[in-house]
Amino acid sequence: MTKQVRIVAVCLVFVLLLALAGTAGMAPQVEVNSQSGFAPGQILVQFRPGTAASDVALVHSHNRGQVLQVLERIGVQVVRVPKGEELRAVARYRSNPNVAFAEVDGIVSALSFTPNDPMLPDQWGLARVEAPLAWGVTQGSSTIRIAVLDTGIDAGHGDISPKVVAARNFTTSSTVSDRNGHGTHVAGIAAAVTNNARGVAGLGFNSVLMNGKVLGDDGSGTWSWVANGIIWAADNGAQVINMSLGGTSHSATIENAVNYAWGRGSVLVAAAGNSNSSSLTYPAAYANVIAVGATDRNDARASFSNFGAWVDVAAPGVDILSTFPRSGRNDRYRWMSGTSMSAPFVAGLAGLVWTTGWGTSNTAVRDRIQATVDPIVTDQPIGGRINAARAVGAK
Amino acid sequence: MTGILDACNKTGSARAVRLATADLARRLKVNKREIVLHSVVPTAWPDASLGCPEPERVYAQVLTTGYVVLLSCGQDVFEYRSDGRRKPVFAGCRNREG
């Protein structure tokens, strides 16, 4: 071997070593989270730009790979490989210099988010509707306003402040605040300050609240108070209007107000009533309102919940823990039961859905909530029980 | 009467009895001493109407616990309903024999 030949041979070996070293450096380790897993019998491969089709075919042939699909816009191929061989196939593809990358076809699942509110373990309803999974996808937004038309809200409660962004008193009460307790409880279910290491969590998470006081301190109100509250909420940007109230008589005034708010783009939610009957409760029974029945921990119909085909969906409504007006400077919390407690679960969920791709209109939000309920077997019809995770696309 | 009131104090219904008695004395224009406590019965209603809904009003749809307070004055028995916190609702008069 001449000196020139030896020099050329040494250079070739050096170049080859460099190429191998470079390839090894570029190829990352196969990283598979055994918890999340991957699709059996297929991997994802991208070839370097300019790789000849014949070379691509050759690589697949050597690795017993079969192209199932090509993601044209990003140049990635879904390649069938023998089941059980996925990791080895990825390593083999990566060793080919024409391959830009190869990876397993990982199974993606949404991560849940568990807020640090200390009373969360007692909030069985949030677990039942799979709220933590939903919060892994969206925690809502402070641009979403949920109007609580009720007995007022204790805006200074440590688990509510600073959520109340607007307030108006339509009653004869001397205060827009809550002397009854019902409104503050409802507000907390819909959107208590969440992940603040204090008290309870609210399903609407980052959604904010509007306090429309339409029920007096005794928990009752007139049709005109309610209608005024609905119009005020719609005119002041409420994407969601919660009405944990009802009566047995139809009111054309309230129905007109409901239709006005619906026309302005609000999602309206109301309690189906607690008389354990199929009789209609208004405003829940109006076409443009989501009528909400109550379920218990076992997904059974709450013994008191009204029922019938007119009830659109169900939500937890028995022994619900939420905020209660302060005593002095002390924050208080109470357990309450009723379809009053079920409605704000739906309102809070509507707040979350508004921030997803399904949040294009009030019709879309309502349809999404109703289309993603979990079917439940009940003694009387009250619709399916809402599932927050499914509604926001977490599962 | 004293025994019942003691029980009321223990169960937190004393306020309901006191307010109901004052309201009835005012209605009947009699001295409160002429009114006798007949019974106090813990009760739960389906909403904030305390079982006395007016057709043209709406009510908070929350299960509401409280008391049915029966007071008598002469031959008549009067019913009040209270959630134990606010002014009791006058629910009507029953004739003692009725």
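This text gives an overview of the structure that appears in the document. (Residues numbered from 1 in each chain as written. Chains lettered and ligands numbered in written order. Predicted model: local features only at pLDDT ≥ 70, side-chain atom pairs only at ≥ 80, totals over all residues.)

**Things to note about the sheet that holds strand β8 (residues 220-222) of chain A**
Point 1. Overall, antiparallel pairing links the 3 strands, which are arranged β8(A)-β2(B)-β10(A) in an open sheet. Each of the sheet's edge strands pairs with one partner strand only, and the pair in question is β8 and β10 (245-246) of chain A.
Point 2. Bridge count for β10(A) against strand β2 (residues 57-60) of chain B is 2 bridges, and the pairing is antiparallel. Directly across from Leu245(A), in β2(B), lies its bridge partner Ala60(B).
Point 3. Strands β8 of chain A together with β2 of chain B of the sheet are contacted by helix α7 (residues 223-235) of chain A, whose axis makes an angle of about 80° with β8(A). (Pairing = 2+ DSSP bridges. Helix = DSSP H or I, 4+ residues; strand = E, 2+ residues; numbered from the N terminus. Contact = placed C-beta atoms within 7 Å. Axes fitted to C-alpha atoms, helices over the stretch in contact; angles between N-to-C directions.)

**Considerations on unusual backbone geometry**
All names here are of chain A.
Point 1. Omega for the bond connecting Ser-161 with Pro-162 falls within 30 degrees of zero, at 5°, which places this linkage in the cis form.
Point 2. Structurally, the position occupied by Pro-162 is in the loop between β5 (145-150) and β6 (164-169).
Point 3. Despite not being glycine, Asn-195 has its phi angle at roughly 65°, a positive value.
Point 4. With respect to the helices and strands, Asn-195 occurs in the loop between α6 (182-191) and β7 (208-213).

**Quick look at the packing of α7(A) against helix α8 (residues 252-263) of chain A**
Residues and elements named next belong to chain A.
Point 1. In the contact formed by α7 and α8, the axes pass within 9 Å of each other and the chain directions differ by 5°. Relative to α8, the element α7 is oriented roughly parallel. From α7, Trp-223, Ser-224, Val-226, Ala-227, Ile-230, Ile-231, Ala-233 and Ala-234 reach across to α8, where they touch Thr-253, Ile-254, Ala-257, Val-258, Tyr-260 and Ala-261.
Point 2. Partitioning the contact of α7 with α8 into residue classes produces 12 nonpolar, 2 polar and no charged. (Parallel < 35°, antiparallel > 145°, perpendicular 65-115°, else oblique. Nonpolar A, V, L, I, M, F, W, Y, C, P; charged D, E, K, R; others polar.)

**Here we look at the pairing of strand β3 (residues 76-80) of chain A**
Along a regular strand, successive side chains alternate from one face of the sheet to the other.
Residue and element names in this part refer to chain A.
Point 1. Pairing between strand β1 (residues 38-47) and β3: 4 bridges, direction antiparallel. Paired with Val-45 across the bridge in β3 is Gln-77.
Point 2. Strand direction decides the pairing type here: strand β2 (residues 66-71) and β3, joined by 5 bridges, are antiparallel. Residue pairing in the sheet places Val-67 in a bridge with Val-79 of β3.
Point 3. The turn linking β2 back onto β3 is made up of 4 residues, and Gly-75 within it adopts a positive phi angle of 65°.

**Structural notes on helix α10 (residues 362-371) of chain A**
All names here are of chain A.
Point 1. Within α10, the full set of buried residues consists of Asn-362, Val-365, Arg-366, Arg-368 and Ile-369. Down the axis of α10, the buried side of the element spans an arc of 160°, and every buried residue falls inside it. Pointing more than 90 degrees away from the buried face of α10 are the exposed residues Thr-363 and Ala-371. (Buried ≥ 20, exposed ≤ 12 C-beta atoms within 10 Å, placed from the backbone. Arc of directions from axis to C-beta.)

**Let's talk about the sheet that holds strand β16 (residues 384-385) of chain A**
Residue and element names in this part refer to chain A.
Point 1. One open sheet holds the 8 strands; their spatial order is β6-β7-β5-β9-β11-β12-β13-β16, and the pairing between them is parallel. With one partner strand each, in any of the chains shown, β6 and β16 form the two edges of the open sheet.
Point 2. Where strand β12 (residues 290-295) lies against strand β13 (residues 313-316), 4 bridges are found, and the strand directions are parallel. For Gly-293, the partnering residue across the bridge sits in β13 and is Ala-314.
Point 3. Each of β11 (267-271), β12 and β13 touches α10; the most contacted strand, β11, lies at about 45° to it.

**Here's the deal with the pairing of β1(A)**
Point 1. Bridge analysis of β1(A) against strand β4 (residues 99-106) of chain A gives 6 bridges, and the strand direction is antiparallel. If you follow Ile43(A) over to β4(A), its bridge partner there is Val104(A).

**Let's talk about the interface of chain B and chain A**
Point 1. Opposite the 15 residues of chain B that make contact, chain A presents 27 residues.
Point 2. One ladder, built from 3 bridges, connects β8(A) with β2(B); its direction is antiparallel. The residue bridging Thr222(A) from the neighbouring strand is Arg57(B), located in β2(B).

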